Amino acid sequence: MKTEKKEEQSETSLFEDMADIIETVILSLFIVMLVFTYILRISVVIGPSMEPTLTEGDRLIVLPLCYTPEQNDVVVIDSTKLEKPIVKRIVALEGQSVDIDFEKGIVSVDGKELDEQLYVPGENGESPELEAHHFVNSLTTIDMGAFDSYPVTVPENCVFVLGDNRNRSKDSKHAELGFVPEEEIMGKAIMIAYPFSRFTKLD
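Attention here is on the structure that accompanies the text. Quick caveat, the model's predicted, so the values are computed rather than measured.

1. Quick notes on the layout of surface pockets
Part 1: Empty space within the largest pocket amounts to approximately 420 Å³.
Part 2: Along its surface, the largest pocket is lined by 19 residues, and Thr-53, Phe-135, Lys-201, Leu-202 and Asp-203 are the ones closest to its centre.
Part 3: When grouped by side-chain class, the residues that make up the lining of the largest pocket number eight nonpolar, six polar and five charged.
Part 4: As a volume, the second largest pocket reaches approximately 310 Å³.
Part 5: Secondary structure elements with two or more residues in the lining of the second largest pocket: strand S1 (41-44) and strand S4 (84-92).
Part 6: Here the lining of the second largest pocket gets five residues from one element, more than from any other, and that element is S4.
Part 7: Class assignment for the residues of the lining of the second largest pocket results in ten nonpolar, three polar and four charged.

Quick look at the structure:
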């Protein structure tokens, strides 16, 4: 009788342990779903427009909650004009003036040249030591027809965005996009999550 009771107790204990594990797994999945639905999002980089900062296929962690656009932020935009999500860098906010000298490749905001640096890898492929706010793959030398002339002033509740790969980016200087409404900004990209070899925080 004692043996049977011990076996029953053992089976009951095993069942309770299994139930606890299943409950924990379900709760964990539920929390993960909540986090990635309401707190964080995952976005995939498509195309070369943000190279070398971001490359095609990079998985980004995006912070959508309570985000207020700031200059130099990398953001994910759900563009109604392009009918797809895009990843760009905010260059100017509402009320700011943007000027682009396409001959010299210089972008200025409110009369001040942006603190950026051209990405030029070393002879052996090593990364350059960068001190600017960010670096670009190419200078801004191609006028893509968004505006008849510069400077332009960013309208209320809009931002002016550019890709870091300036001459291969369909951004605010492009006729198909122009100024971006703030309401289309899905959030700020804060980290490259995958591939793991590129895992890094975005400043």
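Moving on, there is more to tell.
2. Quick look at the packing of aromatic side chains
Part 1: Tallying each qualifying case throughout the model produces six aromatic pairs.
Part 2: Pairing Phe-102 with Tyr-150 gives two aromatic rings, centres 5.6 Å apart and planes at 65°, and the pair type is edge-to-face. Taken together, the residues span a long stretch of sequence, with Phe-102 in the loop between strand S5 (97-101) and strand S6 (106-109) and Tyr-150 in the loop between strand S9 (134-136) and strand S10 (152-153) at a distance of 48 residues.
Part 3: A residue is classified by how much of its surface remains accessible, and Phe-102, at 16% relative accessible area, is buried.
Part 4: Taken together, a centroid distance of 4.8 Å and an interplanar angle of 45° make the contact between Phe-147 and Phe-179 tilted. Of this pair, Phe-147 sits in the loop between S9 and S10 while Phe-179 sits in the loop between strand S11 (158-162) and strand S12 (180-181), placing them 32 residues apart in sequence. Accessibility classification places Phe-147 together with Phe-179 in one group, the buried group.

3. Describing a negative patch on the surface
Part 1: On the surface, a cluster of negative charge is made up of Asp-99, Asp-101, Glu-103 and Glu-113.
Part 2: Take Glu-103: it is sitting in the loop between S5 and S6.
Part 3: Here Glu-103 falls in the exposed class, since its relative accessible area comes to 79%.

4. A closer look at unusual backbone geometry
With the exception of glycine, most residues fall at negative phi, and the peptide bonds are largely trans.
Part 1: Backbone torsion omega between Glu-51 and Pro-52 reads 0°, so that peptide bond is classified as cis.
Part 2: Of note, the amide linkage connecting Tyr-194 to Pro-195 takes the cis form, showing an omega dihedral of 5°.
Part 3: Take Pro-195: it is sitting in the loop between strand S13 (185-194) and strand S14 (200-201).
Part 4: If you check the backbone angles, Glu-83 has positive phi at about 60° while not being a glycine.
Part 5: Inspection of the secondary structure assignment puts Glu-83 in the loop between strand S3 (74-79) and S4.
Part 6: The backbone of Asn-157 shows a phi angle near 60°, a positive value even though the residue is not glycine.
Part 7: Relative to the helices and strands, Asn-157 resides in the loop between S10 and S11.
Part 8: Asn-157 gets classed as partly exposed once you look at its relative accessible area, which sits at 45%.

5. Concerning the side chain of Ser-172
Part 1: Positionally, Ser-172 belongs in the loop between S11 and S12.
Part 2: Not counting residues up to four positions away in its chain, the partners in contact with Ser-172 are Ala-146, Phe-147, Val-159, Phe-160, Val-161, Leu-177, Gly-178, Phe-179 and Val-180.

6. Some remarks on the side chain of Asp-164
Part 1: Structurally, Asp-164 can be placed in the loop between S11 and S12.
Part 2: One polar contact links Asp-164 to Arg-89, side chain to side chain, over a distance of 2.8 Å.
Part 3: Beyond its immediate sequence surroundings of up to four residues, Asp-164 is in contact with Ser-49, Met-50, Glu-51, Thr-53, Arg-89, His-134, Phe-135, Val-136, Asn-137 and Ser-138.

7. Remarks on the environment of Thr-141
Part 1: As for its placement among the helices and strands, Thr-141 is situated in the loop between S9 and S10.
Part 2: Through-space distance from the C-alpha of Thr-141 to that of Ile-106 is 8.1 Å; in sequence the pair is 35 residues apart.
Part 3: Not counting the four nearest positions on each side in its chain, Thr-141 is found in contact with Phe-102, Gly-105 and Asn-167.
Part 4: Within the local environment of Thr-141, its side chain forms a polar contact with the side chain of Asn-167, the two groups lying 3.0 Å apart.

Conventions adopted
- Residues numbered from 1 in each chain as written.
- Predicted model: local features only at pLDDT ≥ 70, side-chain atom pairs only at ≥ 80, totals over all residues.
- Heavy atoms only, no water.
- 1 Å grid on protein atoms, 1.4 Å probe; cavity = no way out; pocket = protein on both sides within 12 Å on 5 of 7 lines; lining within 4 Å.
- Points joined across faces, edges and corners; volume = space filled by probe spheres on them.
- Nonpolar A, V, L, I, M, F, W, Y, C, P; charged D, E, K, R; others polar.
- Helix = DSSP H or I, 4+ residues; strand = E, 2+ residues; numbered from the N terminus.
- Phe/Tyr/Trp six-rings, centres within 6.5 Å; stacked < 30°, edge-to-face > 60°.
- Buried < 20%, exposed > 50% of the residue type's maximum accessible area, 1.4 Å probe, protein only.
- Patch = residues over 30% accessible without salt bridge, like charges linked within 9 Å, V, L, I, M, F, W, Y side chains within 5 Å.
- Areas by Shrake-Rupley, 256 points an atom, 1.4 Å probe, with all protein chains shown as cover.
- Salt bridge = Lys/Arg side-chain N within 4 Å of Asp/Glu carboxyl O.
- Lys, Arg positive; Asp, Glu negative; His and termini not counted.
- Charge placed at Lys NZ, Arg CZ, Asp CG, Glu CD.
- Contact = heavy atoms within 4.5 Å.
- Polar contact = N/O pair within 3.5 Å; in protein donor to acceptor, adjacent residues only side chain to side chain.

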